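For reference, the chains in residue letters:
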Amino acid sequence: MSLYKRGSVWWIRFTTPTGERIRCSSGTADKAHAKELYDKLKAESWRVSSLAEKPKYSWDDAGYKWLMETQHKATHEEDKRKLRWLQQYLRGKELGSITRDTVAEIGRIKAQASSPPTANRYLALIRAILRKATYEWEWIDRAPKVTLYREAKRRVRWITPVQAQALLSELPLHLREMAVFALATGLRETNLVELAWSQVDLERGTAWIYGDKAKGREDIHVSLSDAAIAVLRRQLGKHPDRVFTYRNKPVGWANTRAWQKALKRAGLKDFRWHDLRHTWASWHVQNGTPLYDLQEMGGWKSEKMVRRYAHLAPANLAKHAQVVGRLLEGTNLAQSTNAKGVTLNVTP
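Residues numbered from 1 in each chain as written. Predicted model: local features only at pLDDT ≥ 70, side-chain atom pairs only at ≥ 80, totals over all residues. Heavy atoms only, no water.

1. Section: the pattern of salt bridges
A full pass over the atoms with the stated rule returns 11 salt bridges. Measuring nitrogen to oxygen at the nearest pair gives 3.2 Å for the salt bridge that ties Lys-65 to Glu-69. Within this pair, Lys-65 and its partner Glu-69 are both found in helix α2 (residues 59–69), separated by four residues, close to a single helical turn. Accessibility expressed as a relative area gives 30% for Glu-69, which makes it partly exposed. Lys-80 serves as the salt-bridge partner of Glu-77, at 3.5 Å between the closest nitrogen and oxygen. Here the residue Glu-77 and the residue Lys-80 both occupy positions in helix α3 (residues 76–90), the gap between them amounting to three residues, near one helical turn. Given a relative accessible area of 52%, Glu-77 falls into the exposed group. Several salt bridges converge on common partners, so that one network encompasses Lys-65, Glu-69, Lys-132 and Glu-136. (Salt bridge = Lys/Arg side-chain N within 4 Å of Asp/Glu carboxyl O. Helix = DSSP H or I, 4+ residues; strand = E, 2+ residues; numbered from the N terminus. Buried < 20%, exposed > 50% of the residue type's maximum accessible area, 1.4 Å probe, protein only.)

Right, dumping it as structure tokens:
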């Protein structure tokens, strides 16, 4: 038997019937418990090699492998946070024992504690991991069906320039500068808060977000308006690395108590910091910026995300409708006859 100590912990070492060398920590200083784990691992390796059985993996194994394989994801830290919460319900469970009812109960608990949309984010992670374990890792034969809650269509909350001015007048100086820059560029909160001087070229009037910090994982080029450049010039000299600061230190986040209090004083309800990005996009569409250009400017990978703002440009679409109207002018198609034989001119 190959049990040996490293410090106070017993370690396991043996060779499987297929010649694979296994070396791992037992996680315990109790020799009896370590021997029990050793016997279990040896017996499992024999069944796998001799009886062609699949080894039994736990949720913990799957969660760890998922995190190792998805370190490149923009949501990696968020996945870690979700997995920590899920551990209270799935810790130590064999993947094959996780049923549809098990997952549904976890979703119900999370939906009651927060909201169905939030629960969906956790359910989607469980589903993704179980599908990986089935189709890619081949750890289990079948993944249980995971049903998500129905969600209302994602909202587009924006404010008018007058409302924006009211909000800006209530914000403390450091948040006001950040809000103006958000309205001028449409940058997401994280990208704005973490903006460094190395990402800015004031002479060329540009800034950029590197792909590893962008939600779409691709570099974003930011064309700076005069308003955005003015904000940046006012930040010069406050910090050697970061653009936005508070009391000479880089800001950590924008959605603070001061932000919430300013919203109340400005009379704005149901308005988040991210809605400044919605407002930027809405103002662009209302003033004729094509959706394709907006998609490039905002760093959206999907056209579907940008089409949420299409309904805000009826006046701009109306001028396109007149194109066909002008073609009809002076043709027989532009006239129609009613039931009494009276000719009606149907051109605009």
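2. Here we look at the packing of helix α4 (residues 100–113) against helix α5 (residues 116–136)
Helix-helix packing is characterised by the crossing angle of the two axes and by the distance between the axes. Direction vectors running N to C along α4 and α5 enclose 150°, while the axes themselves pass 8 Å from each other. If you check the angle between α4 and α5, you find them roughly antiparallel. Both α4 and α5 take part in a crossing whose hand is right-handed. Mapping the contact onto sequence places Val-103, Ile-106, Gly-107, Lys-110 and Ala-111 in α4 and Pro-116, Thr-118, Ala-119, Tyr-122, Leu-123 and Ile-126 in α5. Grouping the amino acids of the contact of α4 with α5 by side-chain chemistry returns eight nonpolar, two polar and one charged. (Axes fitted to C-alpha atoms, helices over the stretch in contact; angles between N-to-C directions. Parallel < 35°, antiparallel > 145°, perpendicular 65-115°, else oblique. Left-handed = near helix turned anticlockwise from the far one by under 90°. Contact = heavy atoms within 4.5 Å. Nonpolar A, V, L, I, M, F, W, Y, C, P; charged D, E, K, R; others polar.)

Read these as layout, nothing more, since geometry by itself doesn't imply function.
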